[in-house]
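Inside the fold
Here is what each chain is made of, one letter per residue.
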Amino acid sequence: MNHPAYLALADGTVFEGLSFGAPVLRAGEVVFNTAMTGYQEILTDPSYARQLVTLTYPHIGNTGCTALDDESVASHVSGLIVRELPTPASSWRSESELPAWLEARGIPAIAEIDTRKLTRILRDRGAQNGALMAGPEASAEAAVLAARGFPGLVGMDLAKEVTVKASYPWTRGSLDLDSGEQLESQGLYHVVAYDFGVKQNILRMLADRGCKITVVPAKTSAADAMALQPDGIFLSNGPGDPAPCDYAIAAIREFLERKIPLFGICLGHQLLGLAAGAQTVKMKFGHHGANHPVIDIETGRVMISSQNHGFAVDENSLPTNVRATHRSLFDGSLQGIALTDVPAYSFQGHPEASPGPHDVGPVFDRFIKSMHVAKL
Ligand SMILES: NC(=O)CC[C@H](N)C(=O)O
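Note that the structure is a prediction, hence the values are computed from the model and not measured.

Turning our attention to the overall build of the protein. Helix and strand counts for the protein stand at 10 helices and 19 strands. Expressed along its principal axes, the backbone C-alpha trace of the protein runs to roughly 65 × 50 × 40 Å. Burial statistics for the protein: of 376 residues in total, 58% are counted as buried. Put simply, 75% of the contacts in the protein that link residues at least 6 apart link residues at least 24 apart. A total of about 15300 Å² of accessible surface is found on the protein, and carbon and sulfur atoms cover 51% of it. Considering the protein, the positive charge centre built from 30 side chains and the negative charge centre built from 40 side chains are found 4 Å apart.

In the vicinity of the ligand lie 13 residues, with Gly238, Gly240, Cys266, Asn308 and Phe311 positioned nearest. Residue Gly240 places a main-chain N or O atom 2.7 Å away from a nitrogen atom belonging to the ligand. Considered on its own, the ligand offers 290 Å² of accessible surface; in the complex 97% of this is hidden by protein. Of all elements in the fold, only helix H9 (267-276) and strand E16 (302-313) reach the threshold of two or more residues within the shell around the ligand. Counting residues per element, the shell around the ligand draws most heavily on E16, which supplies four residues.

Now for the packing of helix H8 (residues 246-258) against H9. In contact at an axis separation of 9 Å, H8 and H9 are set at 70° when each is read in the N-to-C sense. In this view, H8 runs roughly perpendicular relative to H9, as classed from their interaxial angle. The element H8 and its partner H9 pack so that their crossing is right-handed. Seen from H8, the contacting residues are Ala248, Ile249, Ile252, Arg253 and Leu256; seen from H9, they are Leu271, Leu272, Leu274, Ala275 and Ala276. Across the contact of H8 with H9, the residue classes break down as nine nonpolar, no polar and one charged.

Now for the domain arrangement of the protein. Where the parts come together, the accessible area they lose is often given as the size of the interface. Considered domain by domain, the protein is made up of domain 1 (4-149) and domain 2 (159-375). The distance between the C-alpha centroids of domain 1 and domain 2 comes to 27 Å. On the side of domain 2, 21 residues touch domain 1, which itself brings 28 residues to the contact. Here domain 1 meets domain 2 over a buried area of about 1900 Å², counting both sides, of which 49% is carbon and sulfur. Together, Pro46, Ser47 and Glu71 form the three largest contributors to the area buried by domain 1 at its contact with domain 2, with a combined 28%. There are 14 residue pairs in polar contact (both at pLDDT 80 or more) connecting domain 1 and domain 2.

A separate point is the nonpolar core. Residues Tyr194, Phe196, Ile233, Phe255, Leu271 and Leu272 are the most contacted members of the largest nonpolar core, which totals 36 residues. Listing elements by their share of this core, those giving two or more residues are strand E11 (189-195), helix H7 (222-227), strand E13 (232-235), H8, H9, strand E17 (322-328) and strand E18 (334-339). When residues of this core are assigned to their parent elements, the largest contribution, seven residues, is made by H8. Within the second largest apolar cluster, 28 residues are counted, among which are Ala207, Ile265, Met303 and Val363.

Our focus in this paragraph is the sheet that holds strand E1 (residues 4-9). In space, the seven strands of this closed barrel follow the order E1-E2-E6-E5-E4-E3-E7, with mixed pairing throughout. Averaged over all pairs of adjacent strands, the angle between their axes in this sheet comes to 35°, without regard to strand direction. As defined by bridge partners, E1 adjoins strand E7 (residues 128-134) across five bridges and the pair is classed as antiparallel. Across the sheet, residue Ala8 finds its bridge partner in E7, namely Ala131. Sitting on the sheet, helix H3 (residues 115-125) touches E1, strand E2 (14-19), strand E3 (25-33), strand E4 (51-55), strand E5 (79-81) and E7, and the angle it makes with E3 is about 80°. Sitting on the sheet, helix H4 (residues 140-149) touches E1, E2, E3 and E7, and the angle it makes with E7 is about 145°.

Procedures and definitions
Residues numbered from 1 in each chain as written. Predicted model: local features only at pLDDT ≥ 70, side-chain atom pairs only at ≥ 80, totals over all residues. Heavy atoms only, no water. Helix = DSSP H or I, 4+ residues; strand = E, 2+ residues; numbered from the N terminus. Buried < 20%, exposed > 50% of the residue type's maximum accessible area, 1.4 Å probe, protein only. Contact = heavy atoms within 4.5 Å. Areas by Shrake-Rupley, 256 points an atom, 1.4 Å probe, with all protein chains shown as cover. Lys, Arg positive; Asp, Glu negative; His and termini not counted. Charge placed at Lys NZ, Arg CZ, Asp CG, Glu CD. Near = heavy atom within 4 Å. Polar contact = N/O pair within 3.5 Å; in protein donor to acceptor, adjacent residues only side chain to side chain. Axes fitted to C-alpha atoms, helices over the stretch in contact; angles between N-to-C directions. Parallel < 35°, antiparallel > 145°, perpendicular 65-115°, else oblique. Left-handed = near helix turned anticlockwise from the far one by under 90°. Nonpolar A, V, L, I, M, F, W, Y, C, P; charged D, E, K, R; others polar. Domains from an automatic or database assignment. Buried area = accessible area lost by both parts, 1.4 Å probe. Core = buried A, V, L, I, M, F, W, Y, C linked by side-chain atoms within 4.5 Å. Pairing = 2+ DSSP bridges.

Quick look at the structure:
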């Protein structure tokens, strides 16, 4: 028997449904994600901290869960919102059912609500502050109060909350589908990767391209990072507003002065933009999905990309030494930048996909090439 669950928005709108995760109350920003696959990767993407994620695809949970699909050790998402209660898992890869998996991680989940109606609200009015309360004690009133008490993501530094406590090495690449073996990095380049909430597939894709990686905490100073003698610096994805992450912006400015190859993804892209002198803005409902077309401005090539962001670098604020390299074909927003005087690049979407299409994978190669050139 499923207990009741309530999803409340700060404007007082309440959706009543059934609980299938942990019996807890969590507040956050309510967003919608249009990806049709990859619920487990979404639920383990640390960039979703303090967000309640609505999946517009209705059949969620029917392939179960496996540790192989985790994008991080912990789950930081605040809650899950879906149309239908999950059916029993049917997949040879499945190790656990989604409801048990959510409960074990303390994540509340609501099903049997009208996710189309909710998504239309979010699309028309923008991402909303909200709260999800599930379990035998759940009440609509308590959910509304919690929704109204959530201050919103603007100004919230969450990278410092989800980052790793101590640095660690990473050399593991992707699973080789022919042999079933986990590939190992050849160790050609040493990359210091700032963990602002890193997704592991980024580390695997760097390892596949010959990088051995030292993952470091978000507040690592530029001097400490340089002491590790890296060939390049990587800035990861992560949750929250990039603007308050002043420690990271200061470190990136030093890396730019030293002209060391640098590559950023998502939050890392936004932080590079801020360090270079541009500004970031909060988007209306952001981009969360796995089919977003992005154009490479130089080549005219269009790629279908995975996206998950609610802030963006404002293209109009780019200083003269920063070039726009990619744009979203959904709303024209900036999707990539390159500095003209140093080998520093970044991409707003998710070239590592996971979940999503692999069209943008080659943007990693530009970083590898710049480390190769710097070593010559
Ligand atoms: N995936 C990310 O890195 C997200 C970046 C940032 N938290 C945003 O919402 O825009």
